[in-house]
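Understanding the architecture of this molecule
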Amino acid sequence: MKRSILTYFKNTKSTDNKPGYSANTKKRKTTFVTSEVIEISSDEELQTTANVTDKSLERDEKHDATFFQQTNYQHKQNLEVHSRNVKLSNDQPTECEDQEEHTTEIPYYLKDFFLILNAVLNNQNDKKLFEGEDMHWIEKFQTMQCSSQKLYIRLYQRKCAWLPIKKVSYPRITNDAAVVLNDLAENGFLLDSHNCSLSLDDVLHLLSAPDVKDISRLYHIQNNSKQQNISALLLMCKQQKSLFSPQTSLESKLLKRASAALGKCYKLSPAPQKVFNRLLLVFDVTKGTIDDSEYTIAGQSQGPFYGKHQQLSSILLAGMGKIIYPTYTINDPTPIFKSRLELLEYETAYQLKHEVMMACDNSQWQQALHLCENASVASLQVDEGSKKKALKMKTFMKTFTACSVYIQILSLQVEILQKMKKYDEASDLLKKLLGQNDFCLSRNTARGYWAERLALNYDQHMHDEKRAMEVVTEMLSDKYVRVGHKISLVERYNKLCMSAKLREQGLVKKELHMQSFLSAKEVHIVGRILPKRMQSGSARFMWQTPGHPDDVVLCSVEEYALAHYKSLGYNQGLHGEGGTLSCFFCLLMWDIIFMDGIPDVFRTQFQTHPLDLYTDEFYEHRKTYIVQRLQDICDWENSSFSVIQKLTETWNLQQDVSCAGMNWQRFSSLQETLALASCIGGKTLSAILNIMSKDLRHTRSGLPDLVVWNPAKCIYKFVEVKGPSDRLQNNQKMWMHHLVSIGACVEVCYVSASASRKLTV
C-alpha cells in the first residue's frame with residue numbers, strides 16, 4: 001500500500017512583495033487543510049494535489065472518520081433537496097443489517113448515492129425514464145448486503161479498470177474483500193478476470209513494477225522502467241513464438257506466469273454501471289456524466305475526466321462545507337427528457353463528445369476525426385420527434401438535447417480538420433453549421449467564430465477571394481453575430497477590397513465602416529526587461545523603487561504597470577481583468593440573479609448560477625428588475641436603495657457562497673470593495689453593469705487588466721496594459737469605446753522594453 005497526504009489548497013494569491021499594492025492591503029494567505037495519512041491503493045495515481053473531489057473519492061475507508069472530524073464534516077442523513085423533497089424511503093435500507101460490528105453505520109458515500117437514487121425514483125417524470133433492465137439492476141442493488149453496496153460504490157467512484165484483489169482493501173467495509181467481491185461478481189455487478197480473456201499486454205500492465213522486473217529477470221531482461229521491460233518481453237514473445245505448438249509458446253507460458261503473479265482481478269460490469277451513470281445524469285443533467293469503461297486496461301484515460309460523478313462530488317463537498325451553494329427556489333416544471341428515447345439519445349451524444357474531447361486533448365487528431373464521423377452517423381438516428389421538441393425548447397435548455405451536442409461535435413470537427421490542414425472539408429462543415437440557427441447561439445464558439453473561420457479559410461488557405469467576400473457580406477447582416485466578431489469581419493472585408501482581382505470583376509463597391517469607435521487615452525512608459533535566460537513565467541520586467549536602488553522586484557508587465565500607477569498616487573490596485581467588475585455585478589445583482597418566479601432556470605440545489613445566465617434570455621426574463629436596479633445604482637442612494645448598504649448586505653449574508661463570476665478572494669475586505677465602488681461612482685458603475693447584464697457571456701472578456709484607485713482622493717482609473725509588440729483585441733476595443741462613451745476614467749498603458757544586457761544570472 002502507498003501512503004499519501006492529501007492537502008487542500010484554498011484559492012489564494014499573496015500580494016506580499018508585489019509592486020502596486022498599498023502597505024495596508026490585507027495579505028491573502030494560503031490555507032492548508034491537511035487530512036490524516038490516508039491509505040490509497042498503488043494503482044490510484046493522484047491526478048492533481050488540488051483536486052479535492054477526486055481525492056476524496058479515493059480515500060481508504062480506514063481513515064474516513066478521522067478525516068471528516070478534522071474538516072468538521074456533519075453530513076445529514078436526509079439531505080434536503082428543495083424540488084424533490086428527498087428522503088430515504090421506507091423500502092430502502094437506512095441501516096446495515098450485517099452482523100459485523102464495523103458495518104453498523106451507513107457511510108456518507110452510500111447515503112449520497114441513495115439520496116440521488118431516491119430523488120430520481122420518487123419523481124414520476126424521472127422514474128418513467130427507467131424501465132426493464134434498468135430497474136432490474138436498481139432493485140438488485142437495493143436488495144444486496146450492505147457490505148456489497150458499500151464496496152460497489154467505492155469501486156464505482158474509482159477509475160474503471162481491472163483491479164487485482166490484493167489492491168482492494170477497505171477494512172472498514174470488510175476484513176475479507178474476496179468474499180464481497182465474489183458476491184458482487186455473482187450478482188453481475190463485477191467482471192471476473194478468470195471468466196474474461198486478458199492478453200499478455202493487459203496482464204503485464206496490471207502488474208506492479210517490481211513484479212514485472214522479477215519476471216523480466218527470468219528472461220535476462222533488465223531495464224530501468226516498467227514500460228521498457230514490458231516492451232522487451234512482448235518483443236521477445238513475438239520473435240520466439242513456437243511454430244508447431246502455439247498453445248505452449250513462450251507467450252502462453254509467460255501469460256500463465258504473469259497471471260499467477262497478478263492473481264484474480266475484478267472490474268465494473270458495463271451494464272449496471274451505465275444504469276447508475278444514467279441515474280446521475282437525470283438527477284443533475286447540468287453536470288453530465290461519462291462512461292469510462294472503454295479506457296485502457298489499467299484505467300488510464302489518457303486525459304482529464306470531464307464531469308465523472310460530479311453529482312456525487314457536489315453533495316460530498318456541500319456536506320463537507322467545501323462548497324456552499326446559494327439559496328434559491330427550484331422550479332422545474334418542464335422535463336428535459338420527456339421520454340426514455342430522448343435520454344438515451346442525449347447520453348449517446350454526450351459520451352461521443354467526451355471521447356472526441358479526450359482525443360483532442362492528447363493530439364490524437366486522426367482518432368478524433370474518426371469519432372466525429374461516428375457521431376455524424378449517430379446524429380442521423382435521432383428521432384424526428386426529439387428534433388421537433390428540441391427546436392421548441394428555450395435557448396438555455398437546448399443545451400441538454402442530443403441535437404445541440406451533435407452541433408458542438410461538428411464545431412469540434414472543424415477544429416480537428418483545421419489542425420490536419422484539411423481546409424476544404426472544414427469549410428464544408430462551417431457552411432453546414434452556419435446553415436442552421438437553432439443551436440449553439442449562446443456559445444462563444446458559435447456563429448461569429450464560424451463566420452470568421454470560413455472567411456479566413458476561403459481567403460488565406462483556399463485563395464478564393466470571391467467566396468470570402470460573399471461570406472463576409474452575408475454574415476455582417478446576421479443578427480446572431482456579435483459586435484466583436486463583426487469588427488473582425490469588417491477588417492476582413494476591407495482587406496479584400498484591396499484585391500485587384502475583385503476590383504476587376506466589379507465585386508468591390510466601397511469599403512465598409514463600422515460605427516466609429518472611441519479611443520482611450522494612451523500612455524507610454526519604459527520598463528527594464530529581463531534577458532530571456534532570466535525570465536521565469538510571467539516575470540519579465542524589473543521594478544526599481546524610486547530612491548532605493550537596491551530594492552528591485554521581478555514582476556510581470558501588469559505588476560510593473562501597477563507599480564507605475566502607485567508612484568502616481570494610486571495607492572490601491574487590482575489586476576483582475578473582467579473579474580473585478582464581475583464581482584460588483586454579483587454583489588449588486590445577487591437577489592436578481594437568484595430570484596424566484598422564472599421557470600426551469602434552477603433545477604437542482606447544486607447550481608452556482610441560473611441556467612439562462614449566459615444567454616440573452618437572462619436579461620429578457622428579468623428586464624423590469626434589472627432596469628430598476630441599474631437606476632438605483634445610478635442614483636447611488638435614494639429612499640429605498642443604497643449602493644453601500646447593498647454591497648454590505650450581500651457581502652455579510654453571502655460571503656463564501658459559490659456564485660458564477662464571484663471570487664471572494666478578489667478583494668481583501670469589504671472596506672476595500674466599498675472604497676473602490678465609491679471611487680467609481682454610481683453613474684459609471686450602473687452603465688457598466690447595464691452592458692454586462694444584456695450579454696454577460698460575451699462582455700465578461702475584454703475588460704481592462706487593471707483598476708487602480710485612491711480612496712482618500714476618491715480617484716480611480718481603468719487601465720489596459722500592453723507589453724512590447726502587443727496590441728488591442730477587438731473585444732478590448734469595444735470595451736474601450738463603451739468606457740469612454742460613459743465617461744469612465746480609462747487609458748491604455750503601453751510598456752516598451754529597455755534591455756538589461758549587463759545583468760548576469
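Residues numbered from 1 in each chain as written. Predicted model: local features only at pLDDT ≥ 70, side-chain atom pairs only at ≥ 80, totals over all residues. Heavy atoms only, no water.

An ideal rise of 1.5 Å per residue puts 18 Å on 13 residues; helix H29 (residues 682-694) measures up with 18 Å between its terminal C-alpha atoms. Of all 13 residues making up H29, 10 are buried, and the element is well covered by its neighbours. Along H29, the positions that sit buried rather than exposed are Gly-682, Thr-684, Leu-685, Ser-686, Ala-687, Ile-688, Leu-689, Ile-691, Met-692 and Ser-693. For H29, the secondary structure elements touched by its buried residues are helix H25 (578-593), helix H26 (617-635), helix H28 (670-680), helix H30 (696-699), strand S13 (715-722) and helix H31 (730-741). (Helix = DSSP H or I, 4+ residues; strand = E, 2+ residues; numbered from the N terminus. Expected span 1.5 Å × (residues − 1). Buried < 20%, exposed > 50% of the residue type's maximum accessible area, 1.4 Å probe, protein only. Contact = heavy atoms within 4.5 Å.)

With that settled, consider the pairing of S13. Two faces belong to every sheet, and in a regular strand the side chains alternate between them. By the criterion of burial, S13 is predominantly enclosed, with seven of the eight residues buried. In terms of strand pairing, strand S12 (residues 706-710) meets S13 through five bridges, oriented antiparallel. Of the residues in S13, the one forming a bridge with Asn-710 is Ile-715. (Pairing = 2+ DSSP bridges.)

Turning next to the confidence of the model for the protein chain. Looking at the protein chain as a whole, its pLDDT mean stands at 79, while 77% of the residues score no less than 70. Contacts of residues 1-103 to residues separated by more than four positions or lying in other chains number 234 contacts, the stretch itself having pLDDT below 50. (pLDDT = per-residue confidence, 0-100.)

This brings us to the side chain of Gln-418. Tracing the backbone shows Gln-418 in helix H18 (residues 402-419). Judged by relative accessible area, which is 9%, Gln-418 ranks as buried. Setting aside its immediate chain neighbours within four residues, Gln-418 contacts Tyr-423, Ala-426, Arg-453 and Asn-457.

Moving on: the packing of aromatic side chains. Given two aromatic rings, their pairing is described by the distance between the two centres and the angle made by the two planes. Evaluation of the coordinates by the stated rule reveals 28 aromatic pairs. Pairing Tyr-716 with Phe-718 gives two aromatic rings, centres 5.5 Å apart and planes at 75°, and the pair type is edge-to-face. Here Phe-718 falls in the buried class, since its relative accessible area comes to 3%. What links up through ring pairs into an aromatic cluster is the set Phe-113, Phe-114, Trp-137, Phe-141, Tyr-152, Tyr-156, Phe-189 and Phe-276. (Phe/Tyr/Trp six-rings, centres within 6.5 Å; stacked < 30°, edge-to-face > 60°.)

A few words on the sheet that holds strand S5 (residues 163-164). With respect to topology, three strands assemble into an open sheet ordered S5-S7-S6, the strand pairing being antiparallel. Since the sheet does not close on itself, it has two edges, and those belong to S5 and strand S6 (190-192), each with one partner. Alignment of S6 against strand S7 (residues 265-268), held across three bridges, turns out to be antiparallel. Paired with Asp-192 across the strands is Tyr-266, a residue of S7.

For the rest of this paragraph, the subject is unusual backbone geometry. The backbone of Lys-421 sits at a positive phi, close to 60°, despite the residue not being glycine. Mapping Lys-421 onto the fold places it in the loop between H18 and helix H19 (423-434). One non-glycine residue with positive phi stands out, namely Glu-577, at about 50°. Mapped onto the fold, Glu-577 is located in the loop between strand S11 (572-575) and H25.

Look at helix H11 (residues 250-262): 18 Å from first C-alpha to last across 13 residues, which is about the 18 Å you get at 1.5 Å a residue. Buried within H11 we find Leu-250, Leu-254, Ala-258 and Leu-262. Looking straight down H11, one finds its buried side chains confined to an arc of 95°; they lie on one side. The outward face of H11, more than 90 degrees from its buried face, is lined by the exposed residues Lys-253, Lys-256 and Ala-260. (Arc of directions from axis to C-beta.)

Throughout the structure, instances matching the rule amount to six cavities of 30 Å³ or more. There is about 90 Å³ of room inside the largest cavity. Around the largest cavity sit 13 residues that line it, and Glu-342, Glu-345, Ser-386, Thr-401 and Ala-402 are the ones nearest its centre. Elements with a minimum of two residues in the lining of the largest cavity: helix H14 (340-361), helix H16 (384-392) and H18. (1 Å grid on protein atoms, 1.4 Å probe; cavity = no way out; pocket = protein on both sides within 12 Å on 5 of 7 lines; lining within 4 Å. Points joined across faces, edges and corners; volume = space filled by probe spheres on them.)

Let us look at the side chain of Ser-148. Residue position: Ser-148 is located in helix H6 (residues 146-156). If we ignore the near neighbours within four places in the chain, the residues touching Ser-148 are Val-180, Asp-183 and Leu-184.

If you look at the biggest cluster of nonpolar residues, it comprises 176 residues, and the most contacted ones within it are Ile-138, Phe-141, Leu-151, Tyr-152, Phe-276, Tyr-406 and Phe-718. Judged by nonpolar contacts, the second largest core, of 20 residues, contains Trp-162, Leu-198, Leu-200 and Leu-233. (Core = buried A, V, L, I, M, F, W, Y, C linked by side-chain atoms within 4.5 Å.)

Take the packing of H18 against helix H20 (residues 447-461) next. It is the contact of H18 with H20, at a shortest axis distance of 12 Å, that shows an interaxial angle of 30°. It follows that H18 is roughly parallel to H20 by the angle criterion. Viewed along their axes, H18 and H20 form a crossing whose handedness is left-handed. Taking contact as the criterion, the partners of Ile-407, Ser-411, Glu-415 and Gln-418 in H18 are, on H20, Tyr-449, Trp-450, Arg-453 and Asn-457. Classifying every residue of the contact of H18 with H20 gives three nonpolar, three polar and two charged. (Axes fitted to C-alpha atoms, helices over the stretch in contact; angles between N-to-C directions. Parallel < 35°, antiparallel > 145°, perpendicular 65-115°, else oblique. Left-handed = near helix turned anticlockwise from the far one by under 90°. Nonpolar A, V, L, I, M, F, W, Y, C, P; charged D, E, K, R; others polar.)

So, on to the pattern of salt bridges. Under the criterion given, the structure shown has 24 salt bridges. For Glu-347, the salt bridge is made with Arg-278, and the minimal N-O distance between the two is 3.0 Å. Taken together, the residues Glu-347 in helix H14 and Arg-278 in helix H12 (residues 270-283) connect sequence positions 69 residues apart. Judged by its relative accessible area of 17%, Glu-347 is buried. Residue class for Arg-278 comes out buried when judged on its relative accessible area of 8%. Close ionic contact of Asp-600 with Arg-603 constitutes a salt bridge, the shortest N to O distance being 3.0 Å. As far as the burial class goes, Asp-600 and Arg-603 line up, both buried. (Salt bridge = Lys/Arg side-chain N within 4 Å of Asp/Glu carboxyl O.)

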